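# Inside the fold
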Amino acid sequence: MSASDDRQRDLIATLDFHVAAGVDVMLDEHPHDRFNEADAPVRAEAPRLETQPAIAETRPRLELPPRGEVATQVPTRTYGQSAAAKPGEAAGDARARAKDVTSLEELEALLAGFDGCPLKFTAKNLVFADGDPTAKLMFIGEAPGADEDRIGKPFMGRSGKLLDRMMAAVGLDRTSAYVTNIVPWRPPGNRNPTPQEVSICKPFIERQIELADPDLIVCLGSPATQAITGTKDGILKARGRFYPYHVAGREIRALATLHPAYLLRQPLQKRLAWRDFRTLRAALDGKA
Ligand code: URA
């Protein structure tokens with residue numbers, strides 16, 4: 001491997017690190033020392049020391065390779081570069097396209113080719129779904145994390161393992177449920193998806209529910225509960241409740257519960273989730 005290959009690999013690793021940490025937009029190709037710009041306002045109480053050379057003059061300027069060499073590695077898309085120019089337009093575009101697909105496979109292919117959500121350009125993979133799409137029960141989480149992004153399936157990391165244990169406690173597993181998220185791409189740095197990102201992706205999850213046609217939905221955590229049920233209540237108020245959900249001319253129910261990631265941080269709250277999962281079991285048995 002040549003020195004320039006090494007340099008390119010290091011540069012890409014640095015960019016990967018920044019994207020994973022949530023720095024997902026590149027404003028310029030070169031770093032700026034904002035403290036030392038010639039036209040920076042100089043505060044009266046802090047006069048510039050003319051006897052010292054400016055920092056930028058003593059430090060060699062970092063020359064990056066021409067843009068084209070790393071362009072495929074640098075996810076710098078913004079709404080302005082997507083197929084639809086603004087979040088509102090992207091959501092409208094998503095709705096129009098989602099209406100046209102007639103199977104889950106077509107929906108997945110549509111999402112794979114959809115450029116309207118900027119998260120797509122920072123994520124490694126589309127995370128569409130796991131489990132049995134013909135199951136009558138559908139779990140909906142928030143957005144993929146690092147493990148899901150790497151593997152391309154929802155709930156693969158620590159919260160996924162906890163979700164599996166919670167399901168097993170009421171006699172369920174991924175062969176008896178369909179599992180997905182309201183947003184199918186990982187937000188950089190595991191931040192929460194923004195309201196704009198959720199609204200762009202919402203037509204897709206709505207169509208996914210319609211095509212999977214479950215009898216019961218379980219919303220994991222507040223963003224999924226609010227996006228699916230429309231409630232503005234926080235999750236501690238919403239959990240344990242059934243909300244009506246209208247799909248393809250019929251009314252089904254959506255049960256809100258706590259997100260496994262929250263339970264990993266607040267293990268005492270598992271007792272509340274356990275109550276919700278017993279309610280879920282009762283509903284599946286026709287007793288709630
Ligand atoms: N959290 C989610 O909401 N979804 C996943 O797929 C993983 C973690």
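Source: prediction; values computed, not measured. (Residues numbered from 1 in each chain as written. Predicted model: local features only at pLDDT ≥ 70, side-chain atom pairs only at ≥ 80, totals over all residues. Heavy atoms only, no water.)

The next thing to look at is the overall build of the protein. Scanning the protein from terminus to terminus reveals 12 helices and six strands. Relative to its 288 residues, the protein shows a buried fraction of 41%. Partitioning the intrachain contacts of the protein with sequence separation of at least 6 by distance along the chain shows that 72% fall at a separation of at least 24. Working note: accessible area of the protein is about 15800 Å², and carbon and sulfur atoms make up 53% of it. (Helix = DSSP H or I, 4+ residues; strand = E, 2+ residues; numbered from the N terminus. Buried < 20%, exposed > 50% of the residue type's maximum accessible area, 1.4 Å probe, protein only. Contact = heavy atoms within 4.5 Å. Areas by Shrake-Rupley, 256 points an atom, 1.4 Å probe, with all protein chains shown as cover.)

In the vicinity of the ligand, the contacting residues are Gly141, Glu142, Ala143, Pro144, Glu148, Pro154, Phe155, Ser159, Asn181 and His259. Separating an oxygen atom of the ligand from a backbone N or O atom of Glu142 is a distance of 2.8 Å. In the environment of the ligand, a nitrogen atom lies 2.8 Å from a nitrogen or oxygen atom belonging to the side chain of Asn181. Coverage of the ligand by the protein amounts to 93% of the 240 Å² it exposes when considered alone. For the shell around the ligand, a count of residues per class yields four nonpolar, four polar and two charged. (Near = heavy atom within 4 Å. Polar contact = N/O pair within 3.5 Å; in protein donor to acceptor, adjacent residues only side chain to side chain. Nonpolar A, V, L, I, M, F, W, Y, C, P; charged D, E, K, R; others polar.)

What follows deals with the packing of helix H4 (residues 87–100) against helix H8 (residues 195–212). Here H4 crosses H8 at 5°, and the two axes come no closer than 8 Å. With respect to their mutual orientation, H4 and H8 come out roughly parallel. When H4 is examined against H8, the residues Pro87, Ala90, Ala91, Ala94, Arg95, Ala98 and Lys99 are found in contact with a partner set consisting of Gln196, Ser199, Ile200, Pro203, Phe204 and Arg207. Looking at the contact of H4 with H8 residue by residue, the class counts come to eight nonpolar, two polar and three charged. (Axes fitted to C-alpha atoms, helices over the stretch in contact; angles between N-to-C directions. Parallel < 35°, antiparallel > 145°, perpendicular 65-115°, else oblique.)

Averaged over all residues, the pLDDT of the protein equals 85, while 77% of them reach at least 70. Scored below 50 in pLDDT, residues 46–83 shows 53 contacts in the model against residues more than four places distant or in partner chains. (pLDDT = per-residue confidence, 0-100.)

A separate point is the pattern of salt bridges. Taken as a whole and assessed by the stated rule, the structure comprises 14 salt bridges. Between Arg250 and Asp213 there is a salt bridge, with its nearest N and O atoms 3.0 Å apart. With Arg250 in strand E6 (residues 250–257) and Asp213 in the loop between H8 and strand E4 (216–220), this pair connects stretches of sequence that are 37 residues apart. Here Lys237 ties to Asp233 by a salt bridge, and the two come within 3.8 Å at their closest N and O atoms. Assessed through its relative accessible area of 23%, Asp233 is described here as partly exposed. Several salt bridges share partner residues, and in doing so they unite Asp130, Lys153, Asp164 and Arg174 into one network. (Salt bridge = Lys/Arg side-chain N within 4 Å of Asp/Glu carboxyl O.)

Judged by nonpolar contacts, the single largest core of 37 residues is most densely connected at Ile140, Ile182, Trp185, Phe204, Ile209, Ile217 and Ile228. Where this core is concerned, the elements lending two or more residues are H4, helix H5 (104–112), strand E2 (137–141), H8, E4, helix H9 (222–229), strand E5 (242–247) and E6. At seven residues, the largest contribution of residues to this core is made by H8. Setting aside residues up to four positions removed in sequence, Trp185 forms contacts with Leu111, Phe114, Cys117, Leu119, Lys120, Ala123, Asn125, Leu126, Ala143, Pro144 and Cys201. Counting residues in each nonpolar core, the second largest holds 26 residues, with Met166, Val170, Val218 and Ala273 among its members. (Core = buried A, V, L, I, M, F, W, Y, C linked by side-chain atoms within 4.5 Å.)

On the basis of which strands lie adjacent, the open sheet formed by six strands has the order E1-E3-E2-E4-E6-E5 and mixed pairing. Sheet topology places strand E1 (130–131) and E5 at the edges, where each strand pairs with a single neighbour. As defined by bridge partners, E2 adjoins E4 across four bridges and the pair is classed as parallel. What sits directly across from Met138, in E4, is Ile217. Docked against the sheet, H9 engages E2, E4, E5 and E6, running at close to 135° with respect to E4. (Pairing = 2+ DSSP bridges.)

All right, on to the environment of Gly230 then. Tracing the backbone through its elements, the reader meets Gly230 in the loop between H9 and helix H10 (235–238). Given a relative accessible area of 47%, Gly230 falls into the partly exposed group. For the pair Gly230 and Tyr245, spaced 15 residues apart in the sequence, the C-alpha separation amounts to 9.7 Å.

All right, on to the packing of aromatic side chains then. Applying the stated criterion to the full structure yields two aromatic pairs. With a centroid separation of 4.9 Å and an interplanar angle of 70°, the aromatic rings of Phe114 and Phe204 are classed as edge-to-face. Of this pair, Phe114 sits in the loop between H5 and E1 while Phe204 is found in helix H8, placing the two residues 90 residues apart along the sequence. This pair shows no difference in class: Phe114 is buried, exactly as Phe204 is. Both rings, one in Phe139 and one in Phe277, keep their centres 6.2 Å apart while their planes meet at 20°; by these two values the pair is stacked. In this pair, Phe139 sits in strand E2 while Phe277 sits in helix H12 (residues 270–284), placing the two residues 138 residues apart along the sequence. What makes Phe139 buried here is its relative accessible area of 0%. The buried category is assigned to Phe277, whose relative accessible area is 2%. (Phe/Tyr/Trp six-rings, centres within 6.5 Å; stacked < 30°, edge-to-face > 60°.)

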